[in-house]
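A closer look at the structure
Chain residues, written in single-letter form:
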Amino acid sequence: MTRLLIWYGELATGRRLFCRGASFLLPALLWLTLFLMLPSIALVAVAFAQRGAYGEVVWQFTLKNFHRLLGYGLFGWSADYLLILLRSVWVALVTTVLGVVLSYPLAFFIASRRGRARYLWLALIILPFCTNLVIRTYAWQLFLSNQMPLARLAHWFGWLPEGWALYPGTVAVYLGMVSSFLPFAALPLYTSVERLDWSVVEAAQDLYASRWRVFVHAIVPQTIPGLTVALILTFIPAMGVFVVPDLLGGAKHMLIGNLIQQQFGASRDWPFGAAISMALMVLTLVGLFLLRRSGGNDRGGGDWP
Amino acid sequence: MGQGFLAGIRASLRDGPVLDVPAAPAGTTDLGAEGIYKSFGDVEVLTDISFGVGDGEFVTLLGPSGCGKTTLLRILAGLELPDRGEVTLCGKRMTGLPANRRPVNTVFQSYALFPHLDVAENVAFGLRSRRTAAAEVELRVGQALQMLQMEPLAKRYPHQLSGGQKQRVALARALVNEPALLLLDEPMSALDAKLRAEVQIELRRLQRRLGTMFILVTHDQEEAMTVSDRVLVMRGGRIEQSGAPSEVYERPVNRFVAEFLGSANLIAGRRVSGLVRTEVGLLKMDEPPAWDEGTLAIRPERIQVCGHRPEVNGVSGRVRELIYRGDHMDLFVEPGALRVRTAPRPELCVGARVWLELRPEYLVPLSD
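Procedures and definitions
Residues numbered from 1 in each chain as written. Chains lettered and ligands numbered in written order. Predicted model: local features only at pLDDT ≥ 70, side-chain atom pairs only at ≥ 80, totals over all residues. Helix = DSSP H or I, 4+ residues; strand = E, 2+ residues; numbered from the N terminus. Buried ≥ 20, exposed ≤ 12 C-beta atoms within 10 Å, placed from the backbone. Contact = placed C-beta atoms within 7 Å. Nonpolar A, V, L, I, M, F, W, Y, C, P; charged D, E, K, R; others polar. Core = buried A, V, L, I, M, F, W, Y, C linked by C-beta atoms within 7 Å. Domains from an automatic or database assignment. Pairing = 2+ DSSP bridges. Axes fitted to C-alpha atoms, helices over the stretch in contact; angles between N-to-C directions. Parallel < 35°, antiparallel > 145°, perpendicular 65-115°, else oblique. Left-handed = near helix turned anticlockwise from the far one by under 90°.

1. Examining the overall build of chain B
- Looking only at helices and strands, chain B features 9 helices and 20 strands.
- Principal axes of the C-alpha set define a box for chain B whose edges measure 75 × 50 × 40 Å.
- For chain B, buried positions account for 43% of its 368 residues.

2. What about the interface of chain A and chain B?
- With 18 residues of chain A at the contact, the number on the chain B side is 20 residues.
- Among the secondary structure elements, those contributing two or more residues to the side of chain A that touches chain B are helix 8 (198-206) and helix 9 (211-219) of chain A.
- Among the elements that line the side of chain A that touches chain B, the one with the most residues is helix 8 of chain A, at 6 residues.
- Among the residues forming the side of chain A that touches chain B, the class breakdown is 7 nonpolar, 6 polar and 5 charged.

3. Points about the nonpolar core
- Judged by nonpolar contacts, the single largest core of 102 residues is most densely connected at Leu76, Val123, Ala172, Leu183, Ile215 and Leu232 of chain B.
- Two domains each provide a minimum of three residues to this core, namely domain 1 (2-103 + 179-256) and domain 2 (263-365) of chain B.
- One finds Ala49, Ile110, Ala151 and Leu175 of chain A within the second-largest nonpolar core, a separate group that totals 53 residues.

4. Description of helix 3 (residues 119-129) of chain B
- The element helix 3 of chain B is largely enclosed, with a buried count of 9 among its 11 residues.
- Along helix 3 of chain B, the residues classified as buried are Val119, Ala120, Asn122, Val123, Ala124, Phe125, Gly126, Leu127 and Ser129 of chain B.
- In this structure, the buried side of helix 3 of chain B is in contact with helix 9 of chain A together with helix 4 (134-147) and helix 5 (163-175) of chain B.
- Looking one or two residues past helix 3 of chain B, Arg131 of chain B carries a phi angle of roughly 55 degrees, positive in sign.

5. Notes on the sheet that holds strand 11 (residues 265-272) of chain B
Residue and element names in this part refer to chain B.
- If you trace the 5 strands from one edge of the open sheet to the other, you get 13-12-11-14-20, paired in antiparallel fashion. Edge positions in the open sheet fall to strand 13 (281-284) and strand 20 (364-365), since each of these has one partner strand only.
- Note: strand 11 against strand 12 (residues 275-278), 4 bridges, orientation antiparallel. Considered in strand 12, the bridge of Arg271 is made with Val276.

6. Regarding the pairing of strand 9 (residues 230-235) of chain B
All names here are of chain B.
- Of all 6 residues in strand 9, 5 are buried; the element is thus mostly enclosed.
- Judged from the 4 bridges that link them, strand 3 (residues 58-62) and strand 9 form a sheet pairing that is parallel. Bridging across to strand 9, Val59 finds its partner in Arg230.
- As judged from the 5 bridges shared by strand 9 and strand 10 (residues 238-243), these two strands associate in the antiparallel manner. Within the sheet, the bridge partner assigned to Leu232 lies in strand 10 and is Ser242.
- Counted between consecutive antiparallel strands, the loop separating strand 9 from strand 10 contains 2 residues, among which Gly236 sits at a positive phi close to 55 degrees.

7. Description of the environment of Gly32 of chain B
- Within the element layout of this structure, Gly32 of chain B appears in strand 1 (residues 29-40).
- Remark: the alpha-carbon pair of Gly32 of chain B and Arg93 of chain B, spanning 61 residues in sequence, is separated by 9.3 Å.

8. Let's talk about the domain arrangement of chain B
- Under the domain assignment used here, chain B contains domain 1 (2-103 + 179-256) and domain 2 (263-365).
- For domain 1 of chain B and domain 2 of chain B, the distance between their C-alpha centroids amounts to 34 Å.

9. Focus on the pairing of strand 1 (residues 4-7) of chain A
- Pairing analysis gives 4 bridges linking strand 1 of chain A to strand 2 (residues 10-13) of chain A, with the strands arranged antiparallel. By the bridge assignment, Leu4 of chain A is partnered in strand 2 of chain A with Thr13 of chain A.

10. Considerations on the packing of helix 7 (residues 170-194) of chain A against helix 10 (residues 224-240) of chain A
Residues and elements named next belong to chain A.
- One can describe the packing of helix 7 onto helix 10 by two numbers: an axis separation of 7 Å at closest approach and a directional angle of 160 degrees. Judged by the angle between their axes, helix 7 and helix 10 are roughly antiparallel. Considering the relative orientation of helix 7 and helix 10, their crossing is right-handed. Counting all contacts with helix 7, which are made through Met177, Phe181, Phe184, Ala185, Pro188, Leu189, Thr191 and Ser192, the residues of helix 10 involved are Pro225, Gly226, Leu227, Val229, Ala230, Leu233, Thr234, Pro237 and Ala238.
- Among the residues forming the contact of helix 7 with helix 10, the class breakdown is 13 nonpolar, 4 polar and no charged.

This is the structure in structure tokens:
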């Protein structure tokens with residue numbers, strides 16, 4: 001039995017629509033299954049396996065990797081791994097907040113440009129993407145090195161001994177991180193700011209609001225769709241980053257990304273690496289969940305992802 | 001400044017060439033605007049506008065889009081700076097004061113409610129901005145919501161409200177601050193026709209009860225007539241005419257006003273001694289017009305259809321077209337393509353010969 005129906009002006013049957021939809025969907029579905037679903041399952045599986053004597057994976061179920069992540073090792077308990085996890089969350093949060101705080105004025109600045117100037121500024125924001133992140137990070141090394149004016153200026157102020165570079169160090173890591181992720185925060189915020197209903201701002205002014213009240217009640221709620229995207233697009237990659245802390249941070253600034261890289265690379269401990277990767281995923285998902293919760297769906301700020 | 005200054009404004013308004021302002025009903029001009037000039041680039045939006053609004057008066061700025069009425073409203077609100085001119089409110093100079101320091105509140109066309117605040121918090125916004133005590137905020141918000149029958153919706157968010165409800169919230173949010181002057185920027189434009197008619201009457205009642213000065217901007221002449229004590233008809237950055245709705249409607253000063261408010265028959269004529277010669281015949285006027293050659297206006301509903309030749313200003317014609325509209329009938333009568341609005345009459349049909357009476361008191365000489 002075929003039931004005819006009209007689908008947006010086209011006469012069709014349910015069966016035909018289903019087949020068509022499926023055939024359009026299939027390539028992407030296959031792609032995701034092969035290159036996302038299966039590797040993820042493999043990752044989970046490996047996380048519960050053991051490391052052999054020569055770094056091979058021994059398929060024997062164990063929770064040892066997670067115990068180790070929580071700090072229980074051969075020589076008793078240590079907080080090292082947990083500190084790395086906490087530090088990763090902290091660095092990602094600070095990067096996200098700094099990125100967003102810097103992006104608000106930037107977004108307003110670009111949105112207030114006229115015509116071609118606006119596209120020029122947008123192009124300037126996107127321009128760094130034309131270069132590899134590793135190269136950009138090396139550029140920061142060069143920029144912060146002891147020969148360059150910035151380090152000399154820091155020395156002149158007495159913040160830095162003679163002949164030292166500004167990296168490795170916390171400031172260098174944040175500089176590298178924020179500059180890498182700023183476009184991810186600035187672009188979505190810009191799209192929200194561009195569509196801002198200025199009459200709400202005028203209404204707040206008309207109702208005697210101070211500048212802070214105008215910002216909090218008339219501007220931020222309207223930019224929440226862009227702000228949410230900015231937070232997600234900055235926080236997730238910032239959690240997993242390893243190039244920037246590796247090149248600008250040194251051993252003291254090891255983040256979860258470096259730890260994972262180390263396990264899969266030098267240490268040849270894939271099961272432990274997989275377990276840390278799972279922890280990273282869980283942490284990121286918890287972050288997203290908290291973000292969603294804090295916005296509250298019923299308050300009508302805008303479209304939530 | 002003070003009283004002398006206001007008296008000066010009033011005098012200049014009375015004697016000004018652009019308009020003659022009738023004496024404000026309560027005897028004082030509480031809002032004064034003098035010589036307001038504003039241009040955006042090369043475009044002159046307002047050209048030396050002057051007017052006054054009396055205590056408790058409901059004034060409408062009426063005009064087609066682009067006539068500068070919204071810009072004028074924004075200047076009064078403090079959301080736009082005039083290039084020249086002064087705004088005074090209750091004897092105080094307002095020019096240069098920002099919106100958040102004027103005792104003026106605005107109902108925006110889009111309502112501009114805060115999307116993340118519920119109805120009660122939206123209404124409380126102005127009070128909270130001024131750090132009013134919590135108990136008083138609660139009391140006054142409650143009163144404002146009650147006044148507009150919005151209490152059951154206090155906990156709703158703007159996206160859960162209909163257009164009419166949003167408008168009430170916008171109104172409550174402005175009125176709760178007890179402004180000396182309330183500005184309304186086309187507040188009904190988002191409402192459907194039936195609701196609009198209800199809201200207009202309600203708005204008028206509210207204004208009477210509060211006694212606050214209201215200035216409303218609209219392009220809808222019916223709305224202007226319904227709500228206001230006085231209508232300022234604007235075109236091209238100028239005030240064309242100012243007066244009570246009946247005055248503006250019955251005695252338009254020029255073609256624009258005659259045609260913008262309702263419909264009018266415009267009859268070209270030439271003055272001949274005390275009479276005016278037109279294509280429909282020699283017409284007698286109550287007062288002969290100031291011009292030698294010009295235009296007369298008469299409203300379609302002021303033309304009487306008679307069975308016999310009337311005593312004065314009778315025009316004999318033939319019905320060329322007839323439109324039945326239920327409660328009335330529109331006729332197009334040759335000669336002169338006169339539009340006539342009359343009660344439905346079964347004996348009238350296309351081609352019928354009729355006598356029309358254009359009574360002298362309804363013939364208005366226009367200035368252009």
